[in-house]
Amino acid sequence: MDFLFVGCSNTWGDELKEPSNSRYSRLLCNALGVNEHNIAECGTSNDWIARRTVEETRKKKYDRVYVQLTAPVRSELYTLRSGPMRMPNRRSPNAGQMREWVPDQREILSGHYMKFYNLKHGIENMYKNKFIIESALNDTELVFLGLDCCRENRPDKRRFHSSSLWNEFCEKRIIWLYDDIIGDWNRVQHLLGARQHPLEEAHQMIANYLLSI
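Bear in mind the structure is a predicted one, so any value in this text is a computation, not a measurement. (Residues numbered from 1 in each chain as written. Predicted model: local features only at pLDDT ≥ 70, side-chain atom pairs only at ≥ 80, totals over all residues. Heavy atoms only, no water.)

A.B. asks: Explain the environment of Lys61 to me, and be specific about the residues and the numbers.
C.D. replies: Relative to the helices and strands, Lys61 resides in the loop between helix H4 (46-59) and strand E3 (64-69). Once you skip the residues sitting within four places of it in the chain, Lys61 turns out to touch Asp139 and Thr140. Only 3.4 Å separates the side chain of Lys61 from the backbone oxygen of Asp139, close enough to count as a polar contact. Only 3.2 Å separates the side chain of Lys61 from the side chain of Thr140, close enough to count as a polar contact. (Helix = DSSP H or I, 4+ residues; strand = E, 2+ residues; numbered from the N terminus. Contact = heavy atoms within 4.5 Å. Polar contact = N/O pair within 3.5 Å; in protein donor to acceptor, adjacent residues only side chain to side chain.)

Here you go:
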């Protein structure tokens, strides 16, 4: 059997000593005796996650697919000269920082995050991508994980999720990494690395939870 895992740095295993051996995808697959296919990448957006999930499942039939949705603020921008350009991970009024992220695109980035992006936009885009994945993989066993350490996905903002227009079209629930599995983000800092990624014990908790459902 073959299991596919798509997501950002939390699924890739950032800050783990040996990501390929101790991330939750490997722990889960080892426990079940199935093949792990982890194509997660650090810093990716929900746009990228949806596109790569669809692309990969068109190439190969997987018995189960785990999709970890990331911070809604992340996005992509298409240009005339190239394909999708990864936007920075957060809003910042500092134009100098934006220049470091994407050279020569300071004005575009500033306009996007300072004038256009808002919490509602990010959440709607997340559920639009979730709907795309559900529609494309309607004959595949599909599990969604959510990154709820980011501002837009924390429990106190869930009213924006329940009122999402795109969420109305989605059918599968999201399993929140912290709220449902690891625990309150503010109280589990000992389980996180310097850059706030789950460490070995937290990845084992995720794997155990997924094994139990």
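A.B. asks: So what about the pairing of E3? Which residues, and what values?
C.D. replies: Most of E3 sits out of view: six of its six residues are buried. By the alternation rule, side chains of E3 split into Arg64, Tyr66 and Gln68 and Val65, Val67 and Leu69, which are all buried. Of the pairings in the sheet, the one linking strand E1 (residues 2-6) to E3 comprises four bridges and is parallel in character. Paired with Val6 across the bridge in E3 is Val67. Relative to strand E6 (residues 141-146), E3 runs parallel, the two being bridged by six bridges. Pairing of Tyr66 across the sheet is with Val143, part of E6. (Buried < 20%, exposed > 50% of the residue type's maximum accessible area, 1.4 Å probe, protein only. Pairing = 2+ DSSP bridges.)

A.B. asks: For the nonpolar core, give the residues involved together with the corresponding values.
C.D. replies: Grouped together as the largest cluster of nonpolar side chains are 26 residues, with contacts concentrated most on Tyr178, Ile182 and Leu210. Looking at this core, the elements that each hand over two or more residues are E1, helix H3 (24-32), E6, helix H9 (177-182) and helix H10 (200-212). Excluding residues within four positions of it along the chain, Tyr178 makes contact with Leu147, Asp148, Cys149, Gly183, Asp184, Trp185, Val188, Leu192, Gln196 and Pro198. Counting residues in each nonpolar core, the second largest holds 21 residues, with Leu4, Ile49, Leu69 and Trp176 among its members. (Core = buried A, V, L, I, M, F, W, Y, C linked by side-chain atoms within 4.5 Å.)

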